[in-house]
Amino acid sequence: MYSRAPEVPYVKERRGRAVKKLLLVALAAIGGLLVYRQIQADRAEQDLWTEATDSVPTGS
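Residues numbered from 1 in each chain as written. Predicted model: local features only at pLDDT ≥ 70, side-chain atom pairs only at ≥ 80, totals over all residues. Heavy atoms only, no water.

### A short note on the overall build of the chain
Right, so step 1: Each helix and strand in the chain was counted, giving one helix and zero strands.
Right, so step 2: When burial is assessed residue by residue, the chain has 0% of its 60 residues classed as buried.
Right, so step 3: For the chain, the accessible surface area stands at approximately 6200 Å², while carbon and sulfur atoms represent 63% of it. (Helix = DSSP H or I, 4+ residues; strand = E, 2+ residues; numbered from the N terminus. Buried < 20%, exposed > 50% of the residue type's maximum accessible area, 1.4 Å probe, protein only. Areas by Shrake-Rupley, 256 points an atom, 1.4 Å probe, with all protein chains shown as cover.)

### A short note on the UniProt feature "transmembrane region" (unreviewed entry) in the chain
Right, so step 1: UniProt tags residues 21–39 as "transmembrane region" (unreviewed entry).
Right, so step 2: Helix makes up 100% of residues 21–39 and strand makes up 0%, while its end C-alpha atoms are separated by 27 Å. (UniProt positions renumbered as here; feature names shortened; annotations may be inferred.)

### Some thoughts on the pattern of salt bridges
Right, so step 1: In the structure shown here, the tally under the stated rule is one salt bridge.
Right, so step 2: Of the charged contacts in the structure, one is a salt bridge between Arg17 and Glu13, with a shortest N-O distance of 2.6 Å. A residue pair is termed a helical-turn pair when its members lie 3 or 4 positions apart in one helix, as Arg17 and Glu13 do in helix 1 (residues 9–53) at four residues. (Salt bridge = Lys/Arg side-chain N within 4 Å of Asp/Glu carboxyl O.)

Below, the structure written as structure tokens:
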């Protein structure tokens, strides 16, 4: 019967580090996306306020 050889401890440690790095990159990407979306929302709100508070040109 075929039996799988036990994994060497440093292989598990390297795999764990890779997973942690991948999670860190994923969290950073999600954080960046959230910051980008917040900036876009703030710009849209500022544009709306600018449009609402602009004086109406007299010749139009």
